[in-house]
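Secondary and tertiary structure notes
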Amino acid sequence: MNDKLWTGRFSKPLSDTANDYNASIHFDSRMYRQDIIGSMAHAAMLSATHIISEEDGEKLIQGLEEILRELENGQLLIDETCEDIHSFVEQELTRRLGDTGRRLHTARSRNDQVAVDVRLALRDEADQVIALLKELIGVIVDKARAYESAIMPGYTHLQRAQPITFGHHLMAYAMMFLRDIGRMKDARGRMNVCPLGSGALAGTTFPIDRTMTAGALGFSGACVNSIDGVSDRDFCVEFASAIALIMTHLSRFSEEIILWCSWEFRFVELDDAYSTGSSIMPQKKNPDIAELTRGKAGRAVGNLVTLLTMLKGLPLAYNKDMQEDKEAIFDSFDTVEMALRVFSPMLATMRVKTDNMRKAAAMGFINATDCADYLVGKGLPFRSAYKATGALVAYLIECGKTLEDASLEDYRRFCDLFDEDVYEAINLENCVKKRTSLGATAPEEVARQIHYVELTLKAEE
Ligand code: ARG
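Rules of the game
Residues numbered from 1 in each chain as written. Predicted model: local features only at pLDDT ≥ 70, side-chain atom pairs only at ≥ 80, totals over all residues. Heavy atoms only, no water. Core = buried A, V, L, I, M, F, W, Y, C linked by side-chain atoms within 4.5 Å. Buried < 20%, exposed > 50% of the residue type's maximum accessible area, 1.4 Å probe, protein only. Helix = DSSP H or I, 4+ residues; strand = E, 2+ residues; numbered from the N terminus. Contact = heavy atoms within 4.5 Å. Salt bridge = Lys/Arg side-chain N within 4 Å of Asp/Glu carboxyl O. Pairing = 2+ DSSP bridges.

A word on the nonpolar core. One finds Phe 166, Phe 253 and Ile 257 to be the most contacted residues of the largest nonpolar core, which totals 79 residues. Elements that contribute at least two residues to this core include exactly helix 7 (110–146), helix 8 (166–191), helix 11 (234–261), helix 12 (288–312), helix 13 (325–348), helix 14 (354–362) and helix 20 (443–460). Top element by residues in this core is helix 11. It accounts for 16 residues. Filtering out sequence-adjacent residues up to four positions away, Phe 253 remains in contact with Ile 140, Leu 170, Tyr 173, Phe 177, Trp 260, Phe 343 and Leu 347.

Right, dumping it as structure tokens:
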């Protein structure tokens, strides 16, 4: 049994292929809960406004409650031959309640119904993503605190640039994920308005109470314009966009972890529980989880593009194209949810090889800026100090020496302002300690960043 909702005007059924093409039940059935809750609020409002009798209202709510319970405990299975989840619930309700079931759709269209369902679903999913992001930031902060003074080379252009601490580097990611929480919250705020009562597009002649349904479903209010109510999918775009950026951040982080795991870096080692081997090369330990995360960022970006492209040519109001929103947003959510669930423990169990980081920092003249700054301290203009240090570095590369093992004579070939205290100035530990400007790499500054992030997270609760 799967009577179409629109029988009456039609003299023959939809062809099988058109029916398969048109159906959305295989991906919208995951919104069964939201669909039923939305219908319960609608039924309660229809009864409160005397559009249907109190008795019918009660029967409808009870029937919907039963369906929900039975779906949840597995007693009732979703009939996959129905067109969509809305048809299934209404069909099941009518099978149980007869004419009373047929009254549920008074003053409602599937256009406002589906818009409510999706908003309710995304609202929950946004909360889940925010919770997972908080967990990840917690892991980052713990690691950053543990490696607050662990020196590593900081890079620009993937060339060794200046000494930083691993804690400082990690906290950069904490900032990205903190902004991601903000973006997800913003998206959640804007999606949290109720389109129910928009009807097909023009509203309804029945004396409905939109504020009542909006309040019952926990929305901040009813959306203002009924045409916008059924045709707005901005909230899907914002949701997918926030996820695309989270996945982009996870992907950058993954890329670094992949590099750090390589024999070329050896800065970290992933726990065996988060690494894979090779079928042929017995020595291999591969960072597949990080690679997959980097790869899956592509899906998230793709879904965002899918949504924008789907929307860009649509005339108002509802068009069936909009059915395509669901697979994109649900795939984005599933992707980021899985990625965050595996990324946090992978990071938490990652071993950090501080000795290798320190060794890498000793090569590559990453204290050259400090050498130039030293000359500035002796009164030389920065541009001249830069030039003298550049020439010194070129000379030392020729001799196979570092700034640490160059003699004072070597230094003085390029500027007579150099003195014994230059060795203090270019000592990597000192270079890091002296960078105390706001947001900089000195351990006390990194501690301040950690404190800021922790306070911000607390304020979120
Ligand atoms: N499955 C449809 C969707 O996802 C539900 C709305 C159908 N509305 C309509 N007028 N055909 O968009």
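Resuming the write-up.
Enumeration over the complete set of coordinates arrives at 35 salt bridges. Here Glu 125 ties to Arg 30 by a salt bridge, and the two come within 3.0 Å at their closest N and O atoms. Highlighted residues: Glu 125 in helix 7 and Arg 30 in the loop between helix 2 (25–28) and helix 3 (32–48), separated in sequence by 95 residues. According to the relative accessible area criterion, Arg 30 is partly exposed, its value standing at 36%. Note that Lys 320 and Glu 83 form a salt bridge whose closest N and O atoms lie 3.3 Å from each other.

Let's shift gears to helix 15 (residues 368–377). If you check which residues of helix 15 are buried, you get Ala 368, Asp 370, Cys 371, Ala 372, Tyr 374 and Leu 375. Buried positions along helix 15 lie against strand 2 (159–165), helix 16 (382–399), helix 17 (408–412), helix 18 (422–426) and helix 19 (428–434).

Turning our eyes to something else, we now look at the pairing of strand 1 (residues 151–156). Regular strands place side chains that alternate from one sheet face to the opposite one. Where strand 1 and strand 2 come together, six bridges link them in antiparallel fashion. Bridged to Ile 151 within strand 2 is Thr 165.

Mapped onto the elements of the fold, Ile 366 is located in the loop between helix 14 and helix 15. With 206 residues separating them along the chain, Ile 366 and Arg 160 place their C-alpha atoms 6.2 Å apart.

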